[in-house]
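Fold and contact review
Chain residues, written in single-letter form:
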Amino acid sequence: MPIVKPGDKILVTGANGYIPAWVVNQLLKKGYAVRATVRSKEKGTHLQEYFKKFGDKLEIAVVPDITADGAFNEAVEGVDGIEHMASPFHNNVDDPEEFIRPAVDGTVGVLKSALKNNPNLKRIVITSSCAAVITVQAEARTFSEEDWNELSIKQTEELGRKADAMTKYRASKTLAERAAWDFWKAHKSEVNWDIAFINPPMVFGPPIQEVESPEKLNTSLKAWYDFVIGDDSKSRDVLASSNSWIDVRDLADAHVLALEKEAAGGERIIITQGPYVWQEWLDIANSIAPSVRPNGKIVKGYPELEEEKEYKIKYDNSKGKRLLGITYRSKEETTRDTLADFAKRGW
């Protein structure tokens, strides 16, 4: 039996973001009603315009500060499911608390509001990250849902403001996920709803929302743009570096399925297509003809890396396939669609 079904109302927090906007899209297309939270009325304008064909199936709710006590009290009322996705992710941060407080307080705040204001809620799906899974190291390794990133918390505690931005971000995601699990375990006997966590790595693919320029892209997609479209050539070592990825559209599908599939309840689920080295994206982009690049050229990099590549960061994605029945787009499809989207934007 599905936990929620088309026709139900779903709350999506931070809905104007790169990933949440795709989740809103997939929910509306499947027949759900959506209440979308944004920080200001102006930030909801594009969503309303983009999804106007769905009429009153999309409702905008303004939540100016997700860390405020009771910030989501009204937003959670009357919904059947929640997709909590609002959390900061960028490279421009000084005080670690700029990441940690919104991530932890925002996530636990949603759970507190649900506990207090929605006895009929069925499930909460929370966007965590592989940042809460990975331990950065030199050796190649495959991570699973059993792994937790304790190292970034330790480094952030020790270095404070001197810790690098990604260490602070990884610490915030680990702390937020742990806090949410602890809250649910403490209160699960009081509620009818359960939780599920989705943990993605780097997220690529075309954006839905308006973006003024490539500089305004979200952090992961901006990295993809800089490597594939950017005019600056990268070193051989940089292009040989490894990570794992997921197409934003597949990630959105996973979020919807995690609401619907009974087996996803109480689970932590890594969602990834697989690993990559940056050179692979250049090779694929150069193979697409005709080129959608305005000047017809994409940096070649070091194509010989294809014979030498080593995937240092891999994740076991079997749980997501088993519980959600999800299949993933290829690097080629994501590259083609993303380049076409960028070309339409004049980039």
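This section reports on the structure supplied with the text. Position labels on residues start from 1 in each chain and follow its written sequence. With the structure being a predicted model, the display of local features is reserved for residues of pLDDT at least 70 and the display and counting of side-chain atom pairs for 80 or more, all residues being used for whole-chain, interface and lining totals. Only hydrogens and water are set aside when side-chain values are computed; all heavy atoms of the structure are taken into account.

Attention now goes to empty space enclosed by the protein. Grid points spaced at 1 Å and placed over the protein atoms alone form the basis of the search, with a cavity being a set where a 1.4 Å probe fits but cannot get out and a pocket an open set showing protein on both sides within 12 Å along at least five of seven lines. Lining residues have an atom within 4 Å of a point. Grid points are joined across faces, edges and corners, and a volume is the space filled by probe spheres set on the points. If you walk through the whole model with that rule in mind, you get 2 cavities of 30 Å³ or more. For the largest cavity, the calculated volume is near 60 Å³. A helix here means a DSSP run of H or I that spans at least four residues, while a strand means a run of E at least two residues long, and both kinds are numbered starting from the N terminus. Among the secondary structure elements, those contributing two or more residues to the lining of the largest cavity are β5 (123-127) and α5 (165-187). Counting residues per element, the lining of the largest cavity draws most heavily on α5, at 3 residues. Just so you know the grouping, Ala, Val, Leu, Ile, Met, Phe, Trp, Tyr, Cys and Pro go in nonpolar, Asp, Glu, Lys and Arg go in charged, and all remaining residues, Gly too, go in polar. Of the residues contributing to the lining of the largest cavity, the split by class is 5 nonpolar, 5 polar and 2 charged.

Attention shifts here to the packing of aromatic side chains. In summary, the pairing rule links any two rings of Phe, Tyr or Trp, Trp by its six-membered ring, whose centres are within 6.5 Å, and it sorts them by plane angle into stacked for under 30 degrees, edge-to-face for over 60 and tilted for everything else. For the structure on display, the rule yields 19 aromatic pairs. Judged by centre distance (6.3 Å) and plane angle (50°), the rings of Phe51 and Phe54 are tilted. For each residue, the accessible area found with a 1.4 Å probe, counting protein chains only, is set against the maximum for its type, and the residue is called buried under 20%, exposed over 50%, and partly exposed in between. Residue Phe51 is classed as buried on the basis of its relative accessible area of 1%. Ring geometry for Trp181 against Trp184: centres 6.2 Å apart, planes inclined by 65°, an arrangement best described as edge-to-face.

So, about the pairing of strand β3 (residues 58-62). Any two strands with at least two DSSP bridges between them are considered paired. Note: strand β2 (residues 33-38) against β3, 5 bridges, orientation parallel. By the bridge assignment, Thr37 is partnered in β3 with Ala61. With its strands directed away from the observer, a crossover is right-handed exactly when the path from the first strand over the helix to the second travels clockwise. Each parallel crossover has a hand, and the one from β2 via helix α2 (residues 41-50) to β3 is right-handed.

Turning our eyes to something else, we now look at the sheet that holds strand β11 (residues 274-277). Taken together, the 3 strands give an open sheet; going across it, the order is β8-β9-β11, and neighbouring strands pair in mixed fashion. Edge positions in the sheet fall to β8 (202-204) and β11, since each of these pairs with one other strand and no more. Averaged over all pairs of adjacent strands, the angle between strand axes in this sheet comes to 50°, irrespective of strand direction. In the sheet, strand β9 (residues 242-247) pairs with β11 via 4 bridges, with the strands oriented antiparallel. Within β11, the residue paired with Ser244 across the bridge is Pro275. Those strands touched by helix α9 (residues 278-287) are β8, β9 and β11, and its axis lies near 80° from that of β11. In what follows, a contact means two residues having at least one pair of non-hydrogen atoms within 4.5 Å. Every axis in this analysis is a line fitted to C-alpha atoms, fitted for helices over the stretch in contact. Angles between the N-to-C directions lie between 0 and 180 degrees. Its contacts with the sheet place helix α11 (residues 331-344) against β8, β9 and β11, and it is angled at close to 70° to β9.

The next subject is the sheet that holds β2. Spatially, β3-β2-β1-β4-β5-β7-β10 is the arrangement adopted by the 7 strands of the open sheet, whose pairing is parallel. The open sheet is flanked by β3 and β10 (268-270), the only strands paired with a single partner. Averaged over all neighbouring strand pairs, the angle between strand axes comes to 20°, with direction disregarded. Where strand β1 (residues 9-12) and β2 come together, 4 bridges link them in parallel fashion. Each bridged residue has a counterpart across the sheet, and for Leu11 the counterpart in β2 is Arg35.

Moving on, we get to the layout of surface pockets. Put simply, the second largest pocket is a space of about 190 Å³. Lining the second largest pocket we find Ile66, Thr67, Ala68, Asp69, Gly70, Asn73, Asp105, Val108, Gly109, Lys112, Ser113 and Lys116. Tallied by class, residues from the lining of the second largest pocket come to 3 nonpolar, 5 polar and 4 charged.

This part takes up the environment of Glu260. Residue placement: Glu260 occurs in helix α8 (residues 248-260). Placed 179 residues apart in sequence, Glu260 and Gly81 show a C-alpha to C-alpha distance of 9.4 Å.

Among the buried residues, those of types Ala, Val, Leu, Ile, Met, Phe, Trp, Tyr and Cys that are joined through side-chain atoms within 4.5 Å form a nonpolar core. Of all hydrophobic cores here, the largest spans 67 residues; its most connected members are Val12, Leu27, Trp224, Ile271, Trp278 and Leu324. Apart from residues no more than four positions distant in its own chain, Trp278 is found in contact with Met202, Phe204, Ala223, Trp224, Phe227, Val238, Leu239 and Ser241. Grouped together as the second largest cluster of nonpolar side chains are 28 residues, Ile66, Phe72, Ile100 and Ala180 included.

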